[in-house]
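Architecture at a glance
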Amino acid sequence: MHNGTEKRKTTALRVRNPRHKGGNDIAPRIPLRLRDARQRIGAWSQTLGRQVHEHPGRSVALAVGAGYLLGGGLFSRLTGRVLGTGLRIGFRLLVPFLAQSIVTEQIHPDNKETQT
């Protein structure tokens with residue numbers, strides 16, 4: 001039976017490592033992991049700053065695109081219209097080349113290119 005006067009034991013946070021028989025204390029390594037995380041964030045920040053400075057147009061386009069997607073624009077009417085227009089333009093440019101290659105193959109079946 002427990003009475004209210006008994007002290008509770010506090011244990012260090014331990015994680016089992018399959019390579020070692022005993023546990024490893026994580027608590028002493030937390031400051032090292034925080035320092036590593038800060039260094040990585042600093043490196044990412046410098047890289048991002050350099051990219052924005054070297055390619056400002058691309059950076060703005062990426063930011064606008066990410067905002068559009070995060071704002072729910074992926075399944076909007078505007079997206080459907082833009083994609084539909086792009087597909088129609090693509091097909092209008094592609095169909096004459098396909099038709100020409102089909103006609104050329106029908107007229108000159110001897111001149112087939114061999115692929116190696």
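Note that the coordinates shown come from a computational prediction; the quantities given were computed from them, not determined experimentally. (Residues numbered from 1 in each chain as written. Predicted model: local features only at pLDDT ≥ 70, side-chain atom pairs only at ≥ 80, totals over all residues. Heavy atoms only, no water.)

A look at the overall build of the protein
Secondary structure summary: the protein contains 3 helices and 2 strands in total. The N-to-C order of helical and strand elements in the protein reads β-β-α-α-α. Residues classed as buried in the protein amount to 4% of the 116 residues present. With the model as given, the accessible surface of the protein reaches about 11600 Å², and the carbon-plus-sulfur share is 61%. (Helix = DSSP H or I, 4+ residues; strand = E, 2+ residues; numbered from the N terminus. Buried < 20%, exposed > 50% of the residue type's maximum accessible area, 1.4 Å probe, protein only. Areas by Shrake-Rupley, 256 points an atom, 1.4 Å probe, with all protein chains shown as cover.)

Remarks on the packing of helix α1 (residues 30-54) against helix α2 (residues 56-70)
In the contact formed by α1 and α2, the axes pass within 5 Å of each other and the chain directions differ by 110°. One way to sum up the angle between α1 and α2 is to call them roughly perpendicular. Residues Q51, V52, H53 and E54 of α1 touch α2, and the partners they reach there are P56, R58 and S59. Each residue belonging to the contact of α1 with α2 can be placed in one class, and the counts come to 2 nonpolar, 3 polar and 2 charged. (Axes fitted to C-alpha atoms, helices over the stretch in contact; angles between N-to-C directions. Parallel < 35°, antiparallel > 145°, perpendicular 65-115°, else oblique. Contact = heavy atoms within 4.5 Å. Nonpolar A, V, L, I, M, F, W, Y, C, P; charged D, E, K, R; others polar.)

Quick notes on the side chain of T79
Relative to the elements of secondary structure, T79 occurs in helix α3 (residues 77-107). A relative accessible area of 13% places T79 in the buried class. Each residue touching T79, except ones within four places of it in the same chain, is listed here: Y68, G73 and L74.

Focus: α3
The α-helix advances 3.6 residues per turn, and as a result positions three or four apart in sequence lie on the same side. The end-to-end C-alpha distance of α3 is 45 Å, a good match for the 45 Å that 31 residues give at a rise of 1.5 Å each. Helix geometry: α3 is bent most strongly at L94, by close to 25°, with proline P96 lying one to four residues after it. (Expected span 1.5 Å × (residues − 1). Bend = angle between axes of the 7 residues up to and from the residue.)

Remarks on a nonpolar patch on the surface
A surface patch of nonpolar side chains, amounting to about 660 Å² of accessible area, comprises Y68, L69, L74, F75, L78 and V82. Sorting the residues of the nonpolar patch by element identifies α2 and α3 as the ones contributing at least two each. As for its position among the elements, L78 is in helix α3. (Patch = residues over 30% accessible without salt bridge, like charges linked within 9 Å, V, L, I, M, F, W, Y side chains within 5 Å. Salt bridge = Lys/Arg side-chain N within 4 Å of Asp/Glu carboxyl O.)

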